[in-house]
Amino acid sequence: MNAPLLERYGDRIAGVLTCYDRMVITGTLPGPCYAAGMTSFLNARQIRIFDYPRFAEPLRDTIRANAEQLAEAASVKIEYLAKAHIRKEDVIAGVIKTRGDHPGLVHVISVMEACSTYKAWHDKRTHQTSLRPTTGKCLHYYFYFIDAELGLVYLRVPTWCPFRLQFYCNGHRWLARQLTAAGVGYTLADNAFIRIDDWDRAQQLADRLSPDVLHRILDRYAQACCPVLDVFAQRYHWSLMQIECSTDLAFRSDAIMKPLYAALSREAILSVKAEQVMHFLGKKMTPQLAQEVDSRLSTRIEGICIKHRMGKNSVKMYDKFGRVLRIETTTNDVSFFKHHRQVEHRDGQATRELATVKKSIYSLIDLREILLGCNRRYLEYLSALDDFSAGSRRLDKLTAAKTVDGHRVKGFNFFDKTEHTLLCSLQRPQFNISGVRRADLKPFLPNLSVASITRYLKRLRVLGLIKKIAHAYRYYLTRLGRNAIAAACHLTEQIIVPALAA
(Lines give C-alpha, C1' and ligand atoms only; values in the text may rest on other atoms or scores of the structure.)
Protein backbone atom coordinates (compact mmCIF):
# COMPACT_ATOMS: atom_id res chain seq x y z
CA MET A 1 0.00 0.00 0.00
CA ASN A 2 1.29 3.44 -0.96
CA ALA A 3 0.08 6.56 0.81
CA PRO A 4 1.64 9.97 1.53
CA LEU A 5 1.67 9.10 5.23
CA LEU A 6 3.93 6.14 4.48
CA GLU A 7 6.17 8.28 2.29
CA ARG A 8 6.47 10.91 5.03
CA TYR A 9 7.40 8.41 7.73
CA GLY A 10 8.82 5.63 5.59
CA ASP A 11 12.16 5.51 7.41
CA ARG A 12 10.41 5.36 10.79
CA ILE A 13 7.93 2.61 9.91
CA ALA A 14 9.23 -0.93 10.33
CA GLY A 15 6.50 -2.48 8.21
CA VAL A 16 2.90 -2.40 6.98
CA LEU A 17 0.49 -5.33 7.16
CA THR A 18 -3.11 -5.71 5.96
CA CYS A 19 -4.94 -8.67 7.43
CA TYR A 20 -8.39 -9.82 8.44
CA ASP A 21 -8.80 -9.41 12.18
CA ARG A 22 -12.03 -10.41 13.89
CA MET A 23 -14.27 -12.74 11.87
CA VAL A 24 -17.70 -13.83 13.10
CA ILE A 25 -19.45 -16.37 10.88
CA THR A 26 -22.96 -17.74 11.25
CA GLY A 27 -24.06 -21.23 10.27
CA THR A 28 -27.63 -21.98 9.23
CA LEU A 29 -29.38 -25.03 7.82
CA PRO A 30 -30.75 -23.85 4.41
CA GLY A 31 -34.27 -25.25 4.89
CA PRO A 32 -35.01 -25.11 8.63
CA CYS A 33 -33.48 -21.63 9.02
CA TYR A 34 -36.74 -20.23 7.58
CA ALA A 35 -40.17 -20.74 9.13
CA ALA A 36 -41.57 -21.93 5.79
CA GLY A 37 -38.70 -24.37 5.40
CA MET A 38 -39.21 -25.84 8.87
CA THR A 39 -42.95 -26.08 8.22
CA SER A 40 -42.30 -28.03 5.02
CA PHE A 41 -39.80 -30.22 6.84
CA LEU A 42 -42.36 -31.19 9.50
CA ASN A 43 -45.14 -31.73 6.97
CA ALA A 44 -42.92 -33.98 4.83
CA ARG A 45 -42.32 -36.19 7.87
CA GLN A 46 -45.96 -36.09 8.97
CA ILE A 47 -45.16 -34.29 12.21
CA ARG A 48 -47.92 -32.06 13.54
CA ILE A 49 -46.97 -28.37 13.52
CA PHE A 50 -48.09 -27.99 17.13
CA ASP A 51 -45.76 -30.85 18.02
CA TYR A 52 -42.75 -28.74 17.05
CA PRO A 53 -41.53 -28.45 20.72
CA ARG A 54 -41.86 -32.21 21.14
CA PHE A 55 -39.79 -32.69 17.97
CA ALA A 56 -37.08 -30.28 19.21
CA GLU A 57 -36.69 -31.59 22.77
CA PRO A 58 -34.83 -34.85 21.90
CA LEU A 59 -32.45 -32.84 19.73
CA ARG A 60 -31.80 -30.52 22.67
CA ASP A 61 -30.97 -33.50 24.87
CA THR A 62 -28.64 -34.86 22.18
CA ILE A 63 -26.64 -31.62 22.09
CA ARG A 64 -26.41 -31.49 25.89
CA ALA A 65 -25.21 -35.09 26.09
CA ASN A 66 -22.68 -34.46 23.32
CA ALA A 67 -21.31 -31.38 25.13
CA GLU A 68 -20.79 -33.43 28.28
CA GLN A 69 -19.01 -36.17 26.31
CA LEU A 70 -16.66 -33.69 24.61
CA ALA A 71 -15.83 -32.04 27.92
CA GLU A 72 -15.21 -35.36 29.64
CA ALA A 73 -12.99 -36.60 26.81
CA ALA A 74 -10.85 -33.44 27.05
CA SER A 75 -10.84 -33.50 30.88
CA VAL A 76 -12.52 -30.11 31.14
CA LYS A 77 -15.61 -29.02 33.03
CA ILE A 78 -18.58 -27.17 31.61
CA GLU A 79 -18.68 -23.80 33.37
CA TYR A 80 -22.04 -22.07 33.65
CA LEU A 81 -21.92 -18.27 33.69
CA ALA A 82 -24.97 -16.84 35.42
CA LYS A 83 -23.82 -13.20 35.49
CA ALA A 84 -23.67 -11.10 32.35
CA HIS A 85 -20.77 -8.90 33.53
CA ILE A 86 -18.33 -11.85 33.51
CA ARG A 87 -16.34 -11.68 30.27
CA LYS A 88 -15.87 -15.01 28.56
CA GLU A 89 -12.54 -13.79 27.15
CA ASP A 90 -11.18 -13.30 30.68
CA VAL A 91 -12.28 -16.79 31.70
CA ILE A 92 -10.62 -18.37 28.67
CA ALA A 93 -7.42 -16.34 29.15
CA GLY A 94 -7.12 -17.76 32.66
CA VAL A 95 -7.67 -21.31 31.43
CA ILE A 96 -5.06 -20.97 28.66
CA LYS A 97 -2.57 -19.53 31.11
CA THR A 98 -2.89 -22.75 33.12
CA ARG A 99 -3.19 -25.38 30.35
CA GLY A 100 -0.97 -23.82 27.69
CA ASP A 101 -1.75 -23.12 24.04
CA HIS A 102 -1.49 -26.61 22.57
CA PRO A 103 -4.28 -27.59 20.13
CA GLY A 104 -7.50 -29.11 21.42
CA LEU A 105 -10.62 -28.27 23.40
CA VAL A 106 -9.78 -25.49 25.85
CA HIS A 107 -13.01 -24.94 27.74
CA VAL A 108 -16.79 -25.17 27.50
CA ILE A 109 -18.96 -22.32 28.77
CA SER A 110 -22.73 -22.54 29.05
CA VAL A 111 -24.98 -19.51 29.32
CA MET A 112 -28.65 -18.63 28.91
CA GLU A 113 -29.05 -16.31 25.90
CA ALA A 114 -31.66 -15.22 23.42
CA CYS A 115 -32.20 -17.47 20.45
CA SER A 116 -34.30 -17.63 17.30
CA THR A 117 -37.11 -20.15 17.23
CA TYR A 118 -40.63 -20.75 15.87
CA LYS A 119 -44.13 -20.98 17.27
CA ALA A 120 -47.09 -22.85 15.87
CA TRP A 121 -49.85 -20.71 14.38
CA HIS A 122 -53.26 -21.62 12.98
CA ASP A 123 -54.83 -19.13 10.59
CA LYS A 124 -58.61 -19.29 11.11
CA ARG A 125 -59.22 -17.46 7.85
CA THR A 126 -57.26 -19.83 5.60
CA HIS A 127 -57.38 -22.82 7.97
CA GLN A 128 -53.65 -23.26 7.42
CA THR A 129 -51.30 -24.27 10.24
CA SER A 130 -47.69 -23.17 10.02
CA LEU A 131 -44.71 -21.97 12.02
CA ARG A 132 -43.95 -18.32 12.61
CA PRO A 133 -40.58 -16.91 13.66
CA THR A 134 -40.17 -15.69 17.21
CA THR A 135 -37.46 -15.25 19.82
CA GLY A 136 -36.90 -17.01 23.08
CA LYS A 137 -34.18 -18.05 25.49
CA CYS A 138 -32.27 -21.28 25.63
CA LEU A 139 -29.00 -22.69 26.90
CA HIS A 140 -26.02 -22.02 24.64
CA TYR A 141 -22.67 -23.80 24.69
CA TYR A 142 -19.49 -21.96 23.80
CA PHE A 143 -16.89 -24.52 22.72
CA TYR A 144 -13.44 -22.90 22.81
CA PHE A 145 -10.73 -24.66 20.83
CA ILE A 146 -7.15 -23.91 19.93
CA ASP A 147 -7.14 -24.94 16.31
CA ALA A 148 -3.90 -26.09 14.68
CA GLU A 149 -4.51 -23.68 11.77
CA LEU A 150 -6.65 -20.83 13.14
CA GLY A 151 -5.46 -20.55 16.71
CA LEU A 152 -8.08 -19.70 19.36
CA VAL A 153 -11.64 -20.12 18.04
CA TYR A 154 -15.07 -20.75 19.48
CA LEU A 155 -18.30 -22.28 18.22
CA ARG A 156 -21.55 -21.11 19.83
CA VAL A 157 -24.19 -23.83 19.76
CA PRO A 158 -27.80 -23.23 20.90
CA THR A 159 -29.70 -26.16 22.34
CA TRP A 160 -32.95 -25.30 20.59
CA CYS A 161 -34.03 -25.71 16.99
CA PRO A 162 -33.21 -24.41 14.33
CA PHE A 163 -29.65 -24.50 15.80
CA ARG A 164 -28.09 -21.36 14.30
CA LEU A 165 -24.39 -21.56 14.97
CA GLN A 166 -21.88 -18.78 15.47
CA PHE A 167 -18.16 -19.20 14.84
CA TYR A 168 -15.36 -16.82 15.80
CA CYS A 169 -11.73 -16.70 14.71
CA ASN A 170 -9.02 -14.04 14.40
CA GLY A 171 -7.02 -13.49 11.23
CA HIS A 172 -3.92 -12.26 13.07
CA ARG A 173 -3.75 -15.44 15.12
CA TRP A 174 -4.16 -17.50 11.98
CA LEU A 175 -1.30 -15.53 10.39
CA ALA A 176 0.87 -16.12 13.46
CA ARG A 177 0.59 -19.86 12.87
CA GLN A 178 1.42 -19.40 9.20
CA LEU A 179 4.53 -17.37 10.08
CA THR A 180 5.66 -20.04 12.52
CA ALA A 181 5.25 -22.74 9.88
CA ALA A 182 7.18 -20.60 7.36
CA GLY A 183 10.02 -19.97 9.82
CA VAL A 184 9.47 -16.19 9.93
CA GLY A 185 10.21 -14.63 13.32
CA TYR A 186 7.70 -12.23 14.88
CA THR A 187 6.50 -10.63 18.12
CA LEU A 188 2.73 -10.74 18.65
CA ALA A 189 1.13 -8.61 21.38
CA ASP A 190 -2.56 -9.43 21.80
CA ASN A 191 -3.65 -9.38 18.13
CA ALA A 192 -1.04 -6.97 16.74
CA PHE A 193 2.37 -7.74 15.24
CA ILE A 194 4.93 -5.38 16.76
CA ARG A 195 7.80 -7.09 14.93
CA ILE A 196 8.04 -9.32 11.88
CA ASP A 197 11.38 -10.31 10.39
CA ASP A 198 10.00 -10.30 6.84
CA TRP A 199 6.99 -8.00 6.34
CA ASP A 200 6.65 -8.75 2.62
CA ARG A 201 6.54 -12.47 3.26
CA ALA A 202 3.96 -11.92 6.02
CA GLN A 203 1.73 -9.98 3.62
CA GLN A 204 1.97 -12.77 1.05
CA LEU A 205 0.87 -15.29 3.68
CA ALA A 206 -1.97 -13.04 4.87
CA ASP A 207 -3.29 -12.85 1.30
CA ARG A 208 -3.53 -16.65 1.17
CA LEU A 209 -6.43 -17.03 3.60
CA SER A 210 -8.61 -19.51 1.76
CA PRO A 211 -12.43 -19.79 2.15
CA ASP A 212 -12.12 -23.46 1.14
CA VAL A 213 -9.87 -24.20 4.13
CA LEU A 214 -12.15 -22.17 6.37
CA HIS A 215 -15.21 -24.06 5.11
CA ARG A 216 -13.57 -27.40 5.86
CA ILE A 217 -12.73 -26.33 9.42
CA LEU A 218 -16.24 -24.96 10.02
CA ASP A 219 -17.88 -28.19 8.88
CA ARG A 220 -15.59 -30.21 11.12
CA TYR A 221 -16.48 -28.24 14.25
CA ALA A 222 -20.20 -28.20 13.39
CA GLN A 223 -20.21 -31.98 13.03
CA ALA A 224 -18.38 -32.43 16.33
CA CYS A 225 -20.34 -29.95 18.45
CA CYS A 226 -23.84 -30.05 16.89
CA PRO A 227 -24.61 -33.71 16.09
CA VAL A 228 -28.11 -33.17 14.66
CA LEU A 229 -27.23 -32.85 10.99
CA ASP A 230 -28.33 -36.40 10.20
CA VAL A 231 -31.88 -35.47 11.28
CA PHE A 232 -32.10 -32.70 8.68
CA ALA A 233 -29.85 -34.38 6.07
CA GLN A 234 -28.27 -31.02 5.25
CA ARG A 235 -24.94 -29.25 5.61
CA TYR A 236 -24.57 -25.88 7.23
CA HIS A 237 -24.47 -22.76 5.06
CA TRP A 238 -21.85 -20.33 6.40
CA SER A 239 -22.43 -16.58 6.15
CA LEU A 240 -20.34 -13.55 7.10
CA MET A 241 -21.82 -11.81 10.14
CA GLN A 242 -19.01 -9.45 11.22
CA ILE A 243 -15.73 -8.85 9.42
CA GLU A 244 -12.84 -6.58 10.40
CA CYS A 245 -10.00 -5.80 8.01
CA SER A 246 -7.08 -3.89 9.49
CA THR A 247 -4.04 -2.13 8.07
CA ASP A 248 -1.27 -1.88 10.66
CA LEU A 249 1.61 0.58 10.49
CA ALA A 250 4.28 -0.72 12.86
CA PHE A 251 6.59 2.10 13.97
CA ARG A 252 10.16 1.53 15.07
CA SER A 253 9.62 3.17 18.48
CA ASP A 254 6.81 4.60 20.59
CA ALA A 255 8.68 7.93 20.72
CA ILE A 256 7.72 8.39 17.05
CA MET A 257 4.29 6.82 17.20
CA LYS A 258 2.76 8.50 20.26
CA PRO A 259 3.04 12.20 19.29
CA LEU A 260 2.02 11.38 15.71
CA TYR A 261 -1.10 9.55 16.84
CA ALA A 262 -1.99 12.33 19.29
CA ALA A 263 -1.83 14.87 16.44
CA LEU A 264 -3.73 12.70 13.93
CA SER A 265 -6.52 11.77 16.36
CA ARG A 266 -7.01 15.40 17.37
CA GLU A 267 -7.20 16.56 13.76
CA ALA A 268 -9.36 13.64 12.59
CA ILE A 269 -12.14 14.09 15.14
CA LEU A 270 -12.38 17.80 14.30
CA SER A 271 -12.08 17.69 10.52
CA VAL A 272 -13.84 14.51 9.34
CA LYS A 273 -17.36 15.29 8.15
CA ALA A 274 -20.15 13.10 6.80
CA GLU A 275 -18.99 13.41 3.20
CA GLN A 276 -15.51 12.19 4.14
CA VAL A 277 -16.93 9.14 5.95
CA MET A 278 -19.00 8.35 2.87
CA HIS A 279 -15.87 8.63 0.75
CA PHE A 280 -13.91 6.29 3.04
CA LEU A 281 -16.63 3.64 2.67
CA GLY A 282 -16.90 4.14 -1.09
CA LYS A 283 -20.38 5.66 -1.13
CA LYS A 284 -21.85 8.81 -2.62
CA MET A 285 -23.31 11.50 -0.40
CA THR A 286 -27.13 11.49 -0.17
CA PRO A 287 -29.44 13.18 2.37
CA GLN A 288 -30.76 9.81 3.54
CA LEU A 289 -27.36 8.28 4.16
CA ALA A 290 -25.92 11.43 5.77
CA GLN A 291 -28.37 11.05 8.66
CA GLU A 292 -26.74 7.73 9.57
CA VAL A 293 -23.17 9.03 9.74
CA ASP A 294 -21.39 9.99 12.95
CA SER A 295 -17.85 10.26 14.30
CA ARG A 296 -16.89 9.44 17.85
CA LEU A 297 -13.83 9.69 20.06
CA SER A 298 -13.57 7.23 22.92
CA THR A 299 -10.84 7.00 25.51
CA ARG A 300 -10.02 3.51 26.74
CA ILE A 301 -7.40 2.03 29.00
CA GLU A 302 -5.49 0.98 25.88
CA GLY A 303 -5.65 4.47 24.37
CA ILE A 304 -7.78 6.75 22.21
CA CYS A 305 -10.00 5.36 19.44
CA ILE A 306 -11.48 7.43 16.62
CA LYS A 307 -14.50 5.78 15.03
CA HIS A 308 -16.48 6.97 12.01
CA ARG A 309 -19.70 5.00 11.68
CA MET A 310 -22.28 4.70 8.95
CA GLY A 311 -25.09 2.30 9.79
CA LYS A 312 -23.62 -1.14 10.40
CA ASN A 313 -20.23 -0.20 8.97
CA SER A 314 -17.37 1.85 10.37
CA VAL A 315 -13.81 2.99 9.82
CA LYS A 316 -11.72 3.53 12.92
CA MET A 317 -8.20 4.40 13.98
CA TYR A 318 -6.46 3.43 17.20
CA ASP A 319 -3.05 2.59 18.54
CA LYS A 320 -1.86 -0.77 19.82
CA PHE A 321 0.71 -0.67 22.62
CA GLY A 322 2.08 2.66 21.44
CA ARG A 323 3.84 0.96 18.52
CA VAL A 324 1.19 0.10 15.94
CA LEU A 325 -1.16 2.56 14.24
CA ARG A 326 -4.18 0.54 13.15
CA ILE A 327 -6.67 1.60 10.50
CA GLU A 328 -9.62 -0.79 10.54
CA THR A 329 -12.82 -1.14 8.54
CA THR A 330 -15.59 -3.14 10.20
CA THR A 331 -18.77 -4.34 8.56
CA ASN A 332 -21.76 -6.07 10.13
CA ASP A 333 -23.53 -6.17 6.77
CA VAL A 334 -21.32 -7.05 3.82
CA SER A 335 -24.21 -6.42 1.39
CA PHE A 336 -23.64 -2.70 2.07
CA PHE A 337 -20.77 -2.90 -0.40
CA LYS A 338 -21.02 -3.50 -4.13
CA HIS A 339 -18.63 -4.97 -6.69
CA HIS A 340 -18.70 -6.39 -10.19
CA ARG A 341 -19.65 -10.06 -10.12
CA GLN A 342 -21.66 -12.63 -12.00
CA VAL A 343 -25.39 -12.23 -11.39
CA GLU A 344 -27.82 -15.07 -12.08
CA HIS A 345 -31.28 -13.96 -13.22
CA ARG A 346 -34.57 -15.76 -12.77
CA ASP A 347 -34.71 -16.72 -16.42
CA GLY A 348 -31.46 -18.67 -16.01
CA GLN A 349 -29.19 -16.18 -17.71
CA ALA A 350 -26.03 -14.92 -16.02
CA THR A 351 -24.47 -11.50 -16.60
CA ARG A 352 -21.61 -9.62 -15.01
CA GLU A 353 -22.97 -6.55 -13.23
CA LEU A 354 -22.39 -4.24 -10.29
CA ALA A 355 -24.16 -5.97 -7.43
CA THR A 356 -24.08 -6.25 -3.65
CA VAL A 357 -21.52 -8.51 -2.03
CA LYS A 358 -22.89 -11.92 -1.14
CA LYS A 359 -22.80 -12.92 2.53
CA SER A 360 -21.22 -16.29 1.77
CA ILE A 361 -17.75 -16.95 3.21
CA TYR A 362 -16.56 -17.24 -0.39
CA SER A 363 -16.90 -13.46 -0.64
CA LEU A 364 -13.86 -13.07 1.64
CA ILE A 365 -11.47 -12.81 -1.31
CA ASP A 366 -13.33 -9.95 -3.01
CA LEU A 367 -14.29 -8.33 0.28
CA ARG A 368 -10.65 -8.01 1.28
CA GLU A 369 -9.95 -5.69 -1.67
CA ILE A 370 -13.04 -3.61 -0.89
CA LEU A 371 -12.16 -3.16 2.78
CA LEU A 372 -8.51 -2.51 1.93
CA GLY A 373 -9.72 0.31 -0.32
CA CYS A 374 -11.58 1.83 2.65
CA ASN A 375 -8.41 1.70 4.76
CA ARG A 376 -6.35 3.20 1.95
CA ARG A 377 -8.71 6.15 1.47
CA TYR A 378 -8.67 6.87 5.21
CA LEU A 379 -4.88 6.77 5.24
CA GLU A 380 -4.73 9.15 2.32
CA TYR A 381 -7.00 11.57 4.17
CA LEU A 382 -4.86 11.37 7.32
CA SER A 383 -1.79 12.11 5.22
CA ALA A 384 -3.25 15.50 4.29
CA LEU A 385 -3.73 16.57 7.93
CA ASP A 386 -1.26 18.85 9.69
CA ASP A 387 1.29 16.94 11.74
CA PHE A 388 2.95 18.69 14.66
CA SER A 389 4.36 15.55 16.22
CA ALA A 390 7.92 16.56 15.22
CA GLY A 391 7.55 19.72 17.29
CA SER A 392 6.45 17.68 20.29
CA ARG A 393 9.48 15.43 19.99
CA ARG A 394 11.85 18.38 19.65
CA LEU A 395 10.34 20.16 22.65
CA ASP A 396 10.91 17.03 24.70
CA LYS A 397 14.49 16.87 23.39
CA LEU A 398 15.16 20.45 24.55
CA THR A 399 13.49 20.31 27.96
CA ALA A 400 14.16 16.74 29.13
CA ALA A 401 17.36 15.85 30.96
CA LYS A 402 19.79 13.43 29.33
CA THR A 403 22.98 11.64 30.25
CA VAL A 404 26.16 12.28 28.24
CA ASP A 405 29.42 10.47 29.06
CA GLY A 406 28.06 9.57 32.47
CA HIS A 407 27.09 13.15 33.32
CA ARG A 408 23.52 14.37 33.64
CA VAL A 409 22.70 17.38 31.46
CA LYS A 410 19.56 19.31 32.38
CA GLY A 411 17.08 20.44 29.78
CA PHE A 412 16.42 24.12 29.24
CA ASN A 413 13.70 25.98 31.08
CA PHE A 414 12.53 28.64 28.64
CA PHE A 415 10.83 30.59 31.43
CA ASP A 416 13.79 30.75 33.82
CA LYS A 417 14.96 34.38 33.91
CA THR A 418 18.68 33.65 33.43
CA GLU A 419 18.18 31.04 30.74
CA HIS A 420 15.60 33.19 28.96
CA THR A 421 18.05 36.13 28.93
CA LEU A 422 20.80 33.89 27.55
CA LEU A 423 18.56 32.61 24.76
CA CYS A 424 17.40 36.10 23.80
CA SER A 425 21.04 37.26 23.71
CA LEU A 426 21.97 34.50 21.28
CA GLN A 427 19.26 35.78 18.94
CA ARG A 428 20.93 39.19 18.44
CA PRO A 429 21.62 40.01 14.77
CA GLN A 430 25.38 40.59 15.17
CA PHE A 431 25.85 37.03 16.42
CA ASN A 432 24.14 35.60 13.35
CA ILE A 433 26.87 37.09 11.16
CA SER A 434 30.15 36.40 12.95
CA GLY A 435 29.04 33.91 15.56
CA VAL A 436 29.12 34.33 19.32
CA ARG A 437 31.95 33.84 21.81
CA ARG A 438 31.84 33.41 25.54
CA ALA A 439 33.18 36.95 26.02
CA ASP A 440 30.42 38.36 23.79
CA LEU A 441 27.75 37.05 26.14
CA LYS A 442 29.32 38.41 29.34
CA PRO A 443 27.88 41.98 29.00
CA PHE A 444 24.36 40.56 28.74
CA LEU A 445 24.80 38.17 31.68
CA PRO A 446 26.68 40.24 34.30
CA ASN A 447 25.54 38.03 37.16
CA LEU A 448 27.12 34.92 35.64
CA SER A 449 30.76 33.98 35.88
CA VAL A 450 32.79 33.00 32.84
CA ALA A 451 32.77 29.38 34.03
CA SER A 452 28.97 29.43 34.31
CA ILE A 453 28.63 30.79 30.79
CA THR A 454 30.92 27.99 29.57
CA ARG A 455 28.67 25.38 31.18
CA TYR A 456 25.59 26.96 29.65
CA LEU A 457 27.18 26.85 26.19
CA LYS A 458 28.01 23.19 26.68
CA ARG A 459 24.39 22.46 27.57
CA LEU A 460 23.25 24.34 24.49
CA ARG A 461 25.55 22.21 22.30
CA VAL A 462 24.42 18.94 23.88
CA LEU A 463 20.75 19.87 23.38
CA GLY A 464 21.35 20.86 19.76
CA LEU A 465 20.56 24.57 20.05
CA ILE A 466 24.02 25.77 18.93
CA LYS A 467 26.93 24.34 16.94
CA LYS A 468 30.63 25.07 17.24
CA ILE A 469 32.79 26.35 14.38
CA ALA A 470 35.76 24.05 13.73
CA HIS A 471 39.12 25.31 15.08
CA ALA A 472 37.50 28.34 16.73
CA TYR A 473 35.65 29.23 19.92
CA ARG A 474 32.66 30.65 18.10
CA TYR A 475 29.13 29.29 18.00
CA TYR A 476 26.12 29.65 15.72
CA LEU A 477 22.48 28.90 16.39
CA THR A 478 21.17 25.78 14.69
CA ARG A 479 17.86 25.78 12.86
CA LEU A 480 16.29 24.12 15.88
CA GLY A 481 17.82 26.75 18.11
CA ARG A 482 16.49 29.65 16.06
CA ASN A 483 12.98 28.20 15.98
CA ALA A 484 12.94 27.34 19.68
CA ILE A 485 14.24 30.73 20.84
CA ALA A 486 11.89 32.65 18.55
CA ALA A 487 8.94 30.64 19.84
CA ALA A 488 9.98 31.14 23.49
CA CYS A 489 10.42 34.90 23.10
CA HIS A 490 7.12 35.29 21.25
CA LEU A 491 5.26 33.19 23.81
CA THR A 492 6.69 35.13 26.76
CA GLU A 493 6.42 38.67 25.40
CA GLN A 494 3.21 38.45 23.39
CA ILE A 495 1.08 36.01 25.42
CA ILE A 496 2.28 35.28 28.97
CA VAL A 497 3.29 38.82 30.04
CA PRO A 498 0.11 40.51 28.68
CA ALA A 499 -2.05 37.76 30.19
CA LEU A 500 -0.49 38.16 33.64
CA ALA A 501 -0.79 41.97 33.44
CA ALA A 502 -4.53 41.81 32.81
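In this report, we go over the structure that sits alongside the text. Computed from a predicted structure; not experimentally measured.

## So, empty space enclosed by the protein
Logical step 1: Applying the stated rule across the entire model yields 1 cavity of 30 Å³ or more.
Logical step 2: By volume, the largest cavity amounts to about 40 Å³.
Logical step 3: Taken together, Leu 426, Phe 431, Asn 432, Val 436, Ile 466, Tyr 475, Tyr 476 and Leu 477 make up the full set of residues lining the largest cavity.
Logical step 4: Elements with a contribution of two residues or more to the lining of the largest cavity: α15 (429–434) and β19 (475–477).
Logical step 5: For the lining of the largest cavity, the element with the most residues is β19, which contributes 3 residues.
Logical step 6: Residues of the lining of the largest cavity, tallied by class, amount to 7 nonpolar, 1 polar and no charged.

## Side note on helix α5 (residues 171–182)
Logical step 1: Taking 1.5 Å per residue as the helical rise, α5 with its 12 residues ought to reach 16 Å, and the 16 Å between its terminal C-alpha atoms agrees with that figure.
Logical step 2: Within α5, burial applies to Gly 171, His 172, Trp 174, Leu 175, Ala 176 and Leu 179.
Logical step 3: Where α5 ends, the next residue or the one after it, Gly 183, has phi of about 75°, a positive value.

## Notes on the pattern of salt bridges
Logical step 1: This model, assessed by the stated rule, comprises 23 salt bridges.
Logical step 2: The salt bridge partner of Asp 197 is Arg 195, with a shortest N-O separation of 2.5 Å.
Logical step 3: For Arg 195, a relative accessible area of 36% puts it in the partly exposed group.
Logical step 4: Between Arg 459 and Glu 419 there is a salt bridge whose closest N-O contact spans 3.3 Å. Taken together, the residues span a long stretch of sequence, with Arg 459 in helix α17 (residues 450–462) and Glu 419 in helix α14 (residues 417–426) at a distance of 40 residues.
Logical step 5: Under the relative-accessibility criterion, Glu 419 is labelled buried at 5%.

## Points about the pairing of strand β13 (residues 324–331)
For a regular strand, side-chain orientation follows a simple rule: the groups alternate between the two sheet faces.
Logical step 1: Of all 8 residues making up β13, 8 are buried, and the element is well covered by its neighbours.
Logical step 2: Side chains of β13 alternate between two faces, with Val 324, Arg 326, Glu 328 and Thr 330 and Leu 325, Ile 327, Thr 329 and Thr 331 buried alike.
Logical step 3: With 8 bridges connecting them, strand β9 (residues 237–251) and β13 associate as antiparallel partners. Residue pairing in the sheet places Cys 245 in a bridge with Thr 329 of β13.
Logical step 4: Looking at chain direction, strand β12 (residues 313–320) and β13 are connected through 8 bridges and run antiparallel. In the sheet register, Met 317 faces β13, and the bridge partner there is Ile 327.
Logical step 5: Here β12 folds back onto β13, and the loop between the two strands holds 3 residues, one of which, Phe 321, carries a positive phi near 60°.

## Let's talk about the packing of α5 against helix α6 (residues 199–206)
Logical step 1: Running from amino to carboxyl end, α5 crosses α6 at an angle of 120°, the nearest separation of the two axes being 10 Å. For the element pair α5 / α6, the angle class is oblique. Crossing handedness for the pair α5 and α6: right-handed. Contacts between α5 and α6 pair Trp 174, Leu 175, Gln 178, Leu 179 and Ala 182 from the former with Arg 201, Ala 202, Leu 205 and Ala 206 from the latter.
Logical step 2: Class assignment of the residues belonging to the contact of α5 with α6 gives a composition of 7 nonpolar, 1 polar and 1 charged.

What counts and how
Residues numbered from 1 in each chain as written. Predicted model: local features only at pLDDT ≥ 70, side-chain atom pairs only at ≥ 80, totals over all residues. Heavy atoms only, no water. 1 Å grid on protein atoms, 1.4 Å probe; cavity = no way out; pocket = protein on both sides within 12 Å on 5 of 7 lines; lining within 4 Å. Points joined across faces, edges and corners; volume = space filled by probe spheres on them. Helix = DSSP H or I, 4+ residues; strand = E, 2+ residues; numbered from the N terminus. Nonpolar A, V, L, I, M, F, W, Y, C, P; charged D, E, K, R; others polar. Expected span 1.5 Å × (residues − 1). Buried < 20%, exposed > 50% of the residue type's maximum accessible area, 1.4 Å probe, protein only. Salt bridge = Lys/Arg side-chain N within 4 Å of Asp/Glu carboxyl O. Pairing = 2+ DSSP bridges. Axes fitted to C-alpha atoms, helices over the stretch in contact; angles between N-to-C directions. Parallel < 35°, antiparallel > 145°, perpendicular 65-115°, else oblique. Left-handed = near helix turned anticlockwise from the far one by under 90°. Contact = heavy atoms within 4.5 Å.

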